[in-house]
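# Structural description and commentary
Below, each chain spelled out in residue letters.
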Amino acid sequence: QVQLVESGGGLVQAGGSLRLSCAVSGRTFSHYAMGWFRQAPGKEREFVAASSWSGGNTYYADSVKGRFTTSRDNAKNTVYLQMNSLKPEDTAEYYCAAQVPSSGNYYYAANYDYWGQGTQVTVSS
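The residue numbers shown here count from 1 along each chain, following its written sequence. Since the coordinates come from a predicted model, pLDDT governs what is reported: local features require at least 70, and pairs of side-chain atoms require 80 or more to be given and counted, while whole-chain, interface and lining totals use all residues. Note: side-chain values were computed over all heavy atoms of the structure, leaving out hydrogens and water.

With that out of the way, let us pick up the pattern of salt bridges. Opposite charge on two side chains allows them to pair when their charged atoms are near. Salt bridges, as used here, are contacts in which a Lys or Arg side-chain nitrogen is within 4 Å of a carboxyl oxygen on Asp or Glu. Taken as a whole and assessed by the stated rule, the structure comprises four salt bridges. In this structure, the salt-bridge partner of Glu46 is Arg38, at a minimum N-O distance of 2.6 Å. Here the residues in one salt-bridge network are Arg38, Glu46, Arg67 and Asp90, joined through shared partners.

In this description, a disulfide is simply a cysteine sulfur pair whose atoms lie within 2.5 Å. By the definition in use, this model includes one disulfide. With a sulfur-sulfur separation of 2.0 Å, Cys22 is cross-linked through a disulfide to Cys96. Handedness here is read from the sign of the S-S torsion; for Cys22 and Cys96, about 55°, the answer is right-handed. Here the residue Cys22 occupies a position in strand 3 (residues 18-24), and Cys96 occupies one in strand 9 (residues 92-99), the gap between them amounting to 74 residues. Grouping residues by exposure puts Cys22 and Cys96 together as buried. A run of DSSP states H or I qualifies as a helix once it reaches four residues; a run of E qualifies as a strand once it reaches two. Both are numbered from the N-terminal end. The rule is simple: take the accessible area with a 1.4 Å probe, protein chains only, and divide by the maximum for that residue type; under 20% is buried, over 50% is exposed, in between is partly exposed.

Structure (structure tokens):
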């Protein structure tokens, strides 16, 4: 069984930074592509960022490009989301997700196989 546990969320002022972490159990972490999604109240879950299994390729939503960076440490079974220049519109529950090989496009939540419980990020104006 694969388990994902996010941490690092909190309350921050606009312009500030947070780093989210997602610890993944299981011996095959290095085989998974990893994604970050977020969901604000009353809105659908949306793609934020993803990294290929090696971390060599990363992908970002236009709304966070240049401000957010995802990285992974396969030795620690952990993926990170560094969030800088935060805006009030970044306020949401943030989820990490793992995708087994060949599950498809990184941008769609339905293509991910395992999910964390989420961590709240609140950005005040």
